[in-house]
Amino acid sequence: MNFGPLPTVDVAAVPADGFVLDVREDDEWAAGHVDGALHIPMSGFVARFGELTEAAEDGRRVYVMCRVGGRSAQVTQYLVQQGIDAVNIDGGMLAWDGAGRPMVADSGNPASVA
């Protein structure tokens, strides 16, 4: 099968109210994440896919994020194959942090990218 190019966006193109899906592992999420993002680690993604489809029922675009863009690219490709409007966030959380986009941490400490 031949798939088209993976849809990708720059962190600056993610709207403040965009639907962000974070596929990093729990320890990465706890250190710092986008406030309001849906967290489904890639390691358990297929088992929890229903949570995403429920959250994305309104047909909103899903902005998929990991640390640098590798895991999120795989998840984005899977979502596109399922007919979901999904795009990979180029550079992931490292680019998000580097662009000064807001983050929160579970610990109450300043957010960081683990």
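Please refer to the structure placed before this passage.
Keep in mind it's a predicted model, so treat the numbers as computed, not measured.

Undergrad: Could you give me a rundown of the overall build of the chain, with the residues and numbers involved?
TA: Scanning the chain from terminus to terminus reveals four helices and five strands. When the helices and strands of the chain are read in sequence order from the N terminus, they spell out β-β-α-β-α-β-α-β-α. For the chain, the C-alpha radius of gyration of 13 Å lies close to 13 Å, the compact-globule estimate for 114 residues. Each principal axis of the C-alpha atoms in the chain carries an extent, and together these give about 45 × 25 × 25 Å. Out of the 114 residues in the chain, the part that is buried amounts to 41%. Long-range pairs, those at least 24 residues apart, make up 65% of the contacts in the chain between residues at least 6 apart in sequence. Element-wise, carbon and sulfur atoms account for 50% of the exposed surface of the chain, whose accessible area totals about 5900 Å². Of the side-chain charges in the chain, 7 are positive and 16 negative, and the distance between the mean point of each set is 4 Å.

Undergrad: Run through helix H3 (residues 70-81), naming residues and quoting values.
TA: Between its first and last C-alpha, H3 extends 17 Å over 12 residues, near the 16 Å set by a 1.5 Å rise per residue. Taken residue by residue, H3 has Ser-72, Ala-73, Val-75, Thr-76 and Leu-79 as its buried positions. The buried residues of H3 all sit within an arc of 170° when viewed along its axis, so they share a single face. Close packing links the buried residues of H3 with strand E2 (19-22), helix H2 (49-55), strand E4 (62-65) and strand E5 (86-89).

Undergrad: Lay out the packing of aromatic side chains with the relevant residues and their values.
TA: Remark: the centre distance and the inter-plane angle together describe each pair of aromatic rings, the angle taken between the planes. Throughout the structure, instances matching the rule amount to three aromatic pairs. Put simply, the rings of Phe-45, Phe-49 and Tyr-78 touch in pairs and so form one group of aromatic residues. The positively charged end of Arg-101 is found above the aromatic ring belonging to Trp-96, 4.3 Å away from the centroid.

Undergrad: Requested: an account of the pattern of salt bridges, with residues and values cited.
TA: Applying the stated criterion across every chain, the model contains four salt bridges. Taking the shortest distance from any N to any O, the salt bridge between Asp-22 and Arg-24 comes out at 2.8 Å. Look at Arg-24 and you get buried, because its relative accessible area is 0%. One salt bridge in this structure joins Arg-48 and Glu-51, with 2.8 Å as the shortest N-O distance. Arg-48 sits in the partly exposed class, given a relative accessible area of 30%.

Undergrad: I'd like a rundown of the environment of Pro-5, residues and numbers included.
TA: Within the element layout of this structure, Pro-5 appears in the segment before strand E1 (8-9). Overall, the relative accessible area of 78% leaves Pro-5 in the exposed class.

Analysis parameters
- Residues numbered from 1 in each chain as written.
- Predicted model: local features only at pLDDT ≥ 70, side-chain atom pairs only at ≥ 80, totals over all residues.
- Heavy atoms only, no water.
- Helix = DSSP H or I, 4+ residues; strand = E, 2+ residues; numbered from the N terminus.
- Rg over C-alpha atoms; globule rule 2.2 N^0.38 Å.
- Buried < 20%, exposed > 50% of the residue type's maximum accessible area, 1.4 Å probe, protein only.
- Contact = heavy atoms within 4.5 Å.
- Areas by Shrake-Rupley, 256 points an atom, 1.4 Å probe, with all protein chains shown as cover.
- Lys, Arg positive; Asp, Glu negative; His and termini not counted.
- Charge placed at Lys NZ, Arg CZ, Asp CG, Glu CD.
- Expected span 1.5 Å × (residues − 1).
- Arc of directions from axis to C-beta.
- Phe/Tyr/Trp six-rings, centres within 6.5 Å; stacked < 30°, edge-to-face > 60°.
- Lys NZ or Arg CZ within 6 Å of the ring centre and 35° of its normal.
- Salt bridge = Lys/Arg side-chain N within 4 Å of Asp/Glu carboxyl O.

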